[in-house]
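Below are the chains, spelled out letter by letter.
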Amino acid sequence: MTRRLKLIFAAGVALAAIAGGAGVAVAMQDASASLRATGQVGEQADGYMGVVGSAPAGVRAQVDAVNIKRRAFYTELAAKRGAKIEEVAATTACEIFATKVGSGQYYRGPDGTWRQREGSAPVPRPGYCG
Amino acid sequence: MTASIWMGRQRLKPLLAVTMAAILAGCVQLSAPEKPIEINLNINIRQEVVVRLQQDVKDLINKNPGVF
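These numbers come from a predicted model, not from an experiment.

## Re the overall build of chain B
On a plain count of helices and strands, chain B comes out with 2 helices and 0 strands. For chain B, the proportion of its 68 residues judged to be buried stands at 12%.

## A word on the overall build of chain A
Summing up its helical and strand segments, chain A has 4 helices and 4 strands in all. When the helices and strands of chain A are listed from N to C terminus, the series reads α-α-β-β-α-α-β-β. Among the 130 residues that make up chain A, the fraction classed as buried is 30%.

## Some details on the interface of chain B and chain A
Accessible area lost on assembly of the parts is the figure often given for the size of an interface. Contact residues are listed per partner, giving 23 residues for chain B and 31 residues for chain A. Counted by class, the side of chain B that touches chain A contains 14 nonpolar, 5 polar and 4 charged residues.

## Considerations on the packing of helix H3 (residues 57–81) of chain A against helix H4 (residues 85–99) of chain A
All names here are of chain A. Packing of H3 against H4 leaves a shortest axis separation of 8 Å and a crossing angle of 115°. The two elements H3 and H4 meet at a crossing, and its hand is right-handed. Along the contact surface, H3 presents Tyr74, Thr75, Leu77 and Ala78, while H4 presents Ile85, Val88, Ala89 and Thr92. Residue composition of the contact of H3 with H4, by class: 6 nonpolar, 2 polar and no charged.

## Some words on the confidence of the model for chain B
Residue and element names in this part refer to chain B. Looking at chain B as a whole, the pLDDT averages 72, with 44% of positions reaching at least 70. With pLDDT under 50 throughout, residues 1–5 is counted as low confidence; its partners more than four residues away or in other chains account for 0 contacts. Across the predicted assembly, pTM comes out at 0.67 and ipTM at 0.77.

## As for H4 of chain A
Between its first and last C-alpha, H4 of chain A extends 21 Å over 15 residues, near the 21 Å set by a 1.5 Å rise per residue. With 11 of 15 residues buried, H4 of chain A lies mostly within the body of the structure. When we look at burial in H4 of chain A, the residues that qualify are Glu87, Val88, Ala89, Ala90, Thr91, Thr92, Ala93, Cys94, Glu95, Ile96 and Phe97 of chain A. On its buried face, H4 of chain A is in contact with strand E1 (41–44), H3 and strand E3 (106–108) of chain A together with helix H2 (47–63) of chain B.

Conventions adopted
- Residues numbered from 1 in each chain as written.
- Chains lettered and ligands numbered in written order.
- Predicted model: local features only at pLDDT ≥ 70, side-chain atom pairs only at ≥ 80, totals over all residues.
- Helix = DSSP H or I, 4+ residues; strand = E, 2+ residues; numbered from the N terminus.
- Buried ≥ 20, exposed ≤ 12 C-beta atoms within 10 Å, placed from the backbone.
- Contact = placed C-beta atoms within 7 Å.
- Nonpolar A, V, L, I, M, F, W, Y, C, P; charged D, E, K, R; others polar.
- Axes fitted to C-alpha atoms, helices over the stretch in contact; angles between N-to-C directions.
- Left-handed = near helix turned anticlockwise from the far one by under 90°.
- pLDDT = per-residue confidence, 0-100.
- Expected span 1.5 Å × (residues − 1).

Structure follows, in structure tokens:
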């Protein structure tokens, strides 16, 4: 009886762990998209996310976590293609501006000003985007 | 007389060094908070590099939906 209970308990713990892990994975998968959707976070022309105005520490921590991962990807690709990290980052921003910034979401051009994308109007991209 | 002044200077030396260090540290601390506010795109982005990297960047974005 006690042994059976222990087994059930162990199975429960294992299930909870799996469910928890999946939850984290799902959260990770749309971290950047859901951050943009809050309106507290936007995309910058330098290839990183930024906080629009003042956001809670939790939001800023999530932004930092995303940016650390981006930096790692940029560094890797820059080394692979013999480009500067900043060039890889800026090229990525060109693509993000074109495809990831949704209506009502924020972006920040090279002039440093945060702007909101209005309706279906395309996000203006820096000249070097081509 | 001169000896005592000399001694005083000698004793002042470490104090001066500490003061200088404090002033310099103060300068560094003052400039630090201003940096993250600026958006760092002062570097020259070469368009031919952007064109060359475009496909790689598209792949990178598509493979990592949580990060981009």
